Amino acid sequence: MPQLLLLNGPNLNLLGTREPEKYGHTTLEDIVENVKSVLAQHQIDLAHFQSNAEHELIERIHSAKQEDIRFIIFNPAAFTHTSVAIRDAILATDIPFIEVHLTNPHRREAFRHTSYFSDIAEAVIAGFGAKGYEFAALSAAEKINSL
């Protein structure tokens, strides 16, 4: 069965309690279960990884290639605006991905308006809260099943 990697960056482990006025009350575990449910309807398995450490995210991206991961849904969180290293890891593996953000970075501080990933992503989904992950999962499933 094809497999998709759901990859989440720093501080997303705190969802549900971290600034709920911005990020809502949905936990990361809830998001993972919702994405898993969407993908199961399309016969796609889900692997999930979250880390607050840049090097761990890079290692997980590298290993995705050996695991024959077909697609990545990635919320780089704060690394969106800082990590050339993660960008290079994604480019090196050549695995298509959708960039997801819970909030709309363009409605926030100016430093959040720049993404090191948007120009290489298949799509960017931002501002829909946890629902954005479900939109990404549906889109990714269509792409995987059309290959």
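Everything that follows concerns the structure shown earlier in this document.
Residues numbered from 1 in each chain as written. Predicted model: local features only at pLDDT ≥ 70, side-chain atom pairs only at ≥ 80, totals over all residues. Heavy atoms only, no water.

With that settled, consider the packing of helix 2 (residues 28-40) against helix 5 (residues 131-145). Close contact between helix 2 and helix 5 brings their axes to 9 Å; oriented N to C, the two are set at 30°. Classified by the angle between their axes, helix 2 and helix 5 sit roughly parallel to one another. Crossing geometry of helix 2 relative to helix 5 is assigned as right-handed. Mapping the contact onto sequence places Ile31, Asn34, Val35, Val38 and Leu39 in helix 2 and Tyr133, Glu134, Ala137, Leu138 and Ala141 in helix 5. Counted by class, the contact of helix 2 with helix 5 contains eight nonpolar, one polar and one charged residues. (Axes fitted to C-alpha atoms, helices over the stretch in contact; angles between N-to-C directions. Helix = DSSP H or I, 4+ residues; strand = E, 2+ residues; numbered from the N terminus. Parallel < 35°, antiparallel > 145°, perpendicular 65-115°, else oblique. Left-handed = near helix turned anticlockwise from the far one by under 90°. Contact = heavy atoms within 4.5 Å. Nonpolar A, V, L, I, M, F, W, Y, C, P; charged D, E, K, R; others polar.)

For the rest of this paragraph, the subject is the pattern of salt bridges. Applying the stated criterion to the full structure yields five salt bridges. Salt-bridge contacts for Lys36 lead to Glu33; the nearest nitrogen and oxygen are separated by 3.6 Å. Taken together, the residues span about one helical turn, with Lys36 and Glu33 both in helix 2 at a distance of three residues. Judged by relative accessible area, which is 38%, Lys36 ranks as partly exposed. The class for Glu33 is partly exposed, based on a relative accessible area of 46%. The partner of Glu134 in a salt bridge is Lys131, and the shortest N-O contact between them spans 3.3 Å. Of the two residues, Glu134 and Lys131 both sit in helix 5, three residues apart, roughly one turn of that helix. (Salt bridge = Lys/Arg side-chain N within 4 Å of Asp/Glu carboxyl O. Buried < 20%, exposed > 50% of the residue type's maximum accessible area, 1.4 Å probe, protein only.)

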